[in-house]
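These are the residues of each chain, in order.
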Amino acid sequence: MKKQPNKTQAGTNVEKVKQQNAGAFAEEFASETNAAEVKQQNKQSQANKGNQN
(Lines give C-alpha, C1' and ligand atoms only; values in the text may rest on other atoms or scores of the structure.)
Protein backbone atom coordinates (compact mmCIF):
# COMPACT_ATOMS: atom_id res chain seq x y z
CA MET A 1 0.00 0.00 0.00
CA LYS A 2 1.42 3.34 -1.04
CA LYS A 3 1.63 5.91 1.75
CA GLN A 4 -0.48 8.99 1.18
CA PRO A 5 0.43 12.28 2.85
CA ASN A 6 -1.87 13.43 5.68
CA LYS A 7 -3.67 10.07 5.83
CA THR A 8 -3.46 7.40 8.50
CA GLN A 9 -3.05 3.74 7.69
CA ALA A 10 -6.85 3.38 7.90
CA GLY A 11 -7.29 6.19 5.37
CA THR A 12 -8.38 8.90 7.79
CA ASN A 13 -7.67 12.45 6.61
CA VAL A 14 -5.48 13.88 9.38
CA GLU A 15 -6.08 17.54 8.49
CA LYS A 16 -9.85 17.11 8.47
CA VAL A 17 -9.79 15.51 11.93
CA LYS A 18 -7.58 18.31 13.27
CA GLN A 19 -10.06 20.89 11.96
CA GLN A 20 -12.99 19.04 13.51
CA ASN A 21 -11.19 18.82 16.85
CA ALA A 22 -10.26 22.50 16.79
CA GLY A 23 -13.88 23.43 16.11
CA ALA A 24 -15.19 21.21 18.90
CA PHE A 25 -12.77 22.62 21.46
CA ALA A 26 -13.40 26.21 20.40
CA GLU A 27 -17.16 25.76 20.87
CA GLU A 28 -16.71 24.03 24.20
CA PHE A 29 -14.52 26.76 25.67
CA ALA A 30 -16.59 29.56 24.20
CA SER A 31 -19.71 28.21 25.88
CA GLU A 32 -18.02 27.95 29.28
CA THR A 33 -16.20 31.29 29.27
CA ASN A 34 -17.75 34.54 30.44
CA ALA A 35 -15.71 37.18 28.60
CA ALA A 36 -16.82 40.05 30.83
CA GLU A 37 -15.83 38.12 33.95
CA VAL A 38 -12.42 37.27 32.50
CA LYS A 39 -11.79 40.92 31.59
CA GLN A 40 -12.73 41.96 35.13
CA GLN A 41 -10.39 39.36 36.62
CA ASN A 42 -7.58 40.53 34.33
CA LYS A 43 -8.11 44.14 35.42
CA GLN A 44 -8.03 43.11 39.06
CA SER A 45 -4.88 41.08 38.49
CA GLN A 46 -3.12 44.03 36.82
CA ALA A 47 -4.20 46.32 39.67
CA ASN A 48 -2.80 43.88 42.20
CA LYS A 49 0.51 43.66 40.33
CA GLY A 50 0.85 47.44 40.50
CA ASN A 51 0.28 47.46 44.26
CA GLN A 52 3.00 44.87 44.91
CA ASN A 53 5.89 46.81 43.36
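Quick note: structure is the one above.
Here the structure is a predicted model, which means the values were calculated and not measured.

Trainee: Quick rundown of the overall build of the chain? Include the residues and the values.
Mentor: Tallying secondary structure elements over the chain gives two helices and zero strands in all. The burial tally for the chain puts 0% of its 53 residues in the buried class.

Trainee: Outline the pattern of salt bridges, supporting the account with residue identities and numerical values.
Mentor: One pass over the full model with this rule turns up one salt bridge. The salt bridge involving lysine 18 is made with glutamate 15; its shortest N-O contact spans 4.0 Å. In this pair, lysine 18 and glutamate 15 are both assigned in helix 1 (residues 14-32), three residues apart and thus about one turn of the helix distant.

Trainee: How would you sum up the environment of asparagine 6? Please name residues and give values.
Mentor: You can see asparagine 6 is positioned in the segment before helix 1. By relative accessible area, asparagine 6 is classed as partly exposed at 46%. In this structure the C-alpha to C-alpha distance between asparagine 6 and lysine 16, which are ten residues apart in sequence, comes to 9.2 Å. Those residues in contact with asparagine 6 that lie beyond four places of it in its chain are Thr12, Asn13, Val14 and Glu15.

Conventions adopted
Residues numbered from 1 in each chain as written. Predicted model: local features only at pLDDT ≥ 70, side-chain atom pairs only at ≥ 80, totals over all residues. Heavy atoms only, no water. Helix = DSSP H or I, 4+ residues; strand = E, 2+ residues; numbered from the N terminus. Buried < 20%, exposed > 50% of the residue type's maximum accessible area, 1.4 Å probe, protein only. Salt bridge = Lys/Arg side-chain N within 4 Å of Asp/Glu carboxyl O. Contact = heavy atoms within 4.5 Å.

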